[in-house]
Every structure is written in structure tokens, then in C-alpha cells.
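# Coordinate analysis (summary)
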Amino acid sequence: MIKTDMLIIGAGPTGLFTVFEAGLLKMKTHLIDALAQPGGQCSEIYPKKPIYDIPAYPEILAGDLVDRLMEQIQPFEPGFTFGERAQTLEKLDDGQFVVTTNKGTKHQAPVVVIAGGLGSFEPRKPPIENIVDFEERGVAYIIKDPEVYRDKKVIIAGGGDSALDWAIYLADVASEVALVHRRNEFRGALDSVEKAAELAKLGKIKLYTEAEVKRLYGDEHLEAVVIKHNDASKGETYVETEHFIPLFGLSPKLGPIGDWGLEIQKNAIKVNNAYDYQTNIPGVYAVGDVNTYPGKLKLILSGFHEAAVMCQSAYQRINPGKRYVMKYTTVGGVEGFDGSKKEAKKEVVQSIV
């Protein structure tokens, strides 16, 4: 049994920042995440994509943001259970909670914080009969490392921001890039659409609009696809390629957490945003994209704010009757569980006689 003060389900940016805020209040934390590494979507789906709305960072890659957060929480020595999904929640007679994972690992804490982002994700797969046969053998639904496609032939399918952005990015990485979309109009940002069109004029991207990938061919690895045009007079086009990346989005699902007796609204957990982001189960909180309330904004910085407020409430739950006087880190510094101490240098003022 792993015991801690605060059990955090989800090791994405909000879950990681929760460790920092809890650490300032001397609360030990442990995180559970179904992925094999911290970072959530930022690590798993778009580690090389820039984020533009993180305070003090005009631009930062998603993967770099995770690295900075891990560096920030290191002094507080959080525990991690990776590669396991939180399966069941049980409340004990003394008010403690026990969360058991799909692999049977048990965790006990007086406070549970759900910071699972949008939940678990399943890719929206195109209706191609043999697509599953080529998964991990040329077919991928997310791009983790663009260097995999260095000097390779790549076909991307989709008409949104993700398909456009990656086609533009890989134009300078892959030997050949083709973008296939079943309509003539794209749904992405205007500047991305214009940039993709310009790269197509320059011959750096091959555009197939009003068309769909219908068949895949290859032996041990993907070798070619067949593109069917909406205009019957154009028939089908056979295109050699080494990689096919259909980017039709991901379907978020709460998974087993949805069976915990929490109040759910449109696949999100309702919380009390007027006070502390607590759910309908006292002692269980939800912060970040996984929660919902009037005026909710699904932004990383909103999750950071919610984590800070929630930790104040969690502290009172863990330490009933104990008064806590909040001090700015510029005044009180940051004292880690590892013995480290960060604080501003004190000015030495000598009296003049």
C-alpha cells in the first residue's frame, strides 16, 4: 500500500503543478498516470508543438514545459505510479481513500485530486479495412517524434489545425509530404491554410483535396496507399509512401473514473468553483480540463490557478483546526523535502552610531 497526503490522478501539467502547490504547504504527493512518463498530452501527443499562452513564456514547446515543471517539483520528491490506470475508489471508515489501479496497486490518502486532463484518448480512425494491420508499421495517429520521419515519404490525412501544422512542419523534415483532405476547404487557422498552399506551390507539399485514402498496401511495412477522388472522372491515385498519419482528432473518455459516483456533465466532472473545486464526494477534488463549472476555460493556466486554490482547501482537510498563514514565495522562499532551500538574499543593514 502506497500512502501519501495527497493522491493525484494524472501527471499532466496541472497534476505536476499541484505537486508544487501542495509542497509549499508541506503535503506529500503521489501521482498515478496511465502513460509511461509525465506530461500527459504535452508528452504523448504534441511534445514538439509550441504553446503560446503560458505566462512568462512567449513561446515554449509542450515537452519543454513538462521538463520545467518536473524541475520545479523535484525538491518535493513526489512519488509516481506510471503505466497504470486508476480503476476503483473506496472510502474507508476513517475518511481515507484507497485508489486501486488496473494492475492492483493500492494507494491510500485523505485527499484525492483528479487532474486527468480530458481523460484517456482514443484516436478517430478512418474506415480503412486493413488499417489496424499497419499500426506501428507505418500507420500512426499521433506524432511524438518528428525525427522518425526524417528523409521519409509521409502522407497526412485531415483538414484541421493538427493536419495542417504537421504537414507544414514535416515539409522541412521528410523527403516527401502529401496532405489528403476530403473537402476543398480546410478547418484550420487561416495563416496555416495559406502557408500550406504556398508550400504546395513551391512543391514542398503535395495536396490532394476532395479525396480520401481508401486502401493501404505493404508487406512487413507500409509501402503505398490508394487515394480515391470524389470526382469519379479522376478515379484513384496510387501513391508510394512509408508513413500514413490520419489526424482526425482524438475522442476523450473518462474511463473508470466515470463509475466512481461523481457528478458528471458532458464527460467532465462537476466541481464547486465558488470555493475549492471539490466534487460531490467530500475529499475528492478535480482540477484542470477534467472538471466543469460555469465559466470554465480549458486552459493550462486555468488548471494552475485551480490547483493553487484547491491545495488550500486540502490543507485544511488534512490539518483540521490548524491555521495556515500564506506567505509569498518571495518572502518565505521554497523549502523542499530534500533539504533544499530557495530564498531571497537578505539585505544586511548596519546601524550608524
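Just above sits the structure.
Before going into details, it helps to say that this report is about the structure given with it.

Calculation rules
Residues numbered from 1 in each chain as written. Predicted model: local features only at pLDDT ≥ 70, side-chain atom pairs only at ≥ 80, totals over all residues. Heavy atoms only, no water. Helix = DSSP H or I, 4+ residues; strand = E, 2+ residues; numbered from the N terminus. Buried < 20%, exposed > 50% of the residue type's maximum accessible area, 1.4 Å probe, protein only. Contact = heavy atoms within 4.5 Å. Pairing = 2+ DSSP bridges. Axes fitted to C-alpha atoms, helices over the stretch in contact; angles between N-to-C directions. Expected span 1.5 Å × (residues − 1). Phe/Tyr/Trp six-rings, centres within 6.5 Å; stacked < 30°, edge-to-face > 60°. Lys NZ or Arg CZ within 6 Å of the ring centre and 35° of its normal. Salt bridge = Lys/Arg side-chain N within 4 Å of Asp/Glu carboxyl O.

## Topic: the environment of Met-1
If you trace the backbone, Met-1 turns up in the segment before strand E1 (2-3). Residue Met-1 is classed as exposed on the basis of its relative accessible area of 56%. For Met-1 and Thr-105, which are 104 residues apart along the polypeptide, the C-alpha to C-alpha distance reads 7.2 Å. Aside from chain neighbours lying at most four places away, what touches Met-1 is Val-98, Lys-106, His-107 and Gln-108.

## Here's the deal with the sheet that holds strand E3 (residues 29-33)
Where strands meet in a sheet, backbone hydrogen bonds hold them as pairs that are either parallel or antiparallel. The five strands are arranged E6-E3-E2-E10-E22 in an open sheet whose pairing can be described as parallel. Looking at the sheet topology across the chains shown, the edges are occupied by strand E6 (79-82) and strand E22 (284-286). Here the strands of the sheet are splayed against their neighbours by 20° on average, with no regard to which way each runs. Note that E3 and E6 share four bridges and pair parallel. Paired with Asp-33 across the two strands is Phe-82, which belongs to E6.

## Concerning helix H6 (residues 300-318)
Taking 1.5 Å per residue, 19 residues should reach 27 Å; H6 reaches 26 Å between its end C-alpha atoms and fits that length. Of all the positions in H6, only Ser-302, Gly-303, Phe-304, Glu-306, Ala-307, Met-310, Cys-311, Ser-313, Ala-314 and Tyr-315 are classed as buried.

## Here's the deal with the packing of aromatic side chains
Under the definition given, this model contains eight aromatic pairs. A ring pair is formed by Trp-166 and Tyr-169, whose centres lie 5.4 Å apart and whose planes are at 75°; its orientation type is edge-to-face. Here Trp-166 pairs with Tyr-169, and both are found in helix H4 (residues 161-170), just three residues apart, close to one helical turn. Residue classification places Trp-166 among the buried positions, given a relative accessible area of 5%. One aromatic cluster is present, formed by Phe-17, Phe-20, Phe-76, Phe-304 and Phe-337 through successive ring pairs. In this arrangement the basic side chain of Lys-206 is found over the ring face of Tyr-208, its NZ or CZ atom lying 5.5 Å from the centre.

## A word on the pattern of salt bridges
It is possible for side chains of opposite charge to pair when their charged atoms get near one another. This model, assessed by the stated rule, comprises twelve salt bridges. With a closest N to O distance of 3.4 Å, Arg-68 and Glu-71 form a salt bridge. On the criterion of helical spacing, the pair formed by Arg-68 and Glu-71 is a turn pair, its members being three residues apart in helix H3 (residues 62-73). On the basis of relative accessibility, which here comes to 37%, the residue Arg-68 falls in the partly exposed class.

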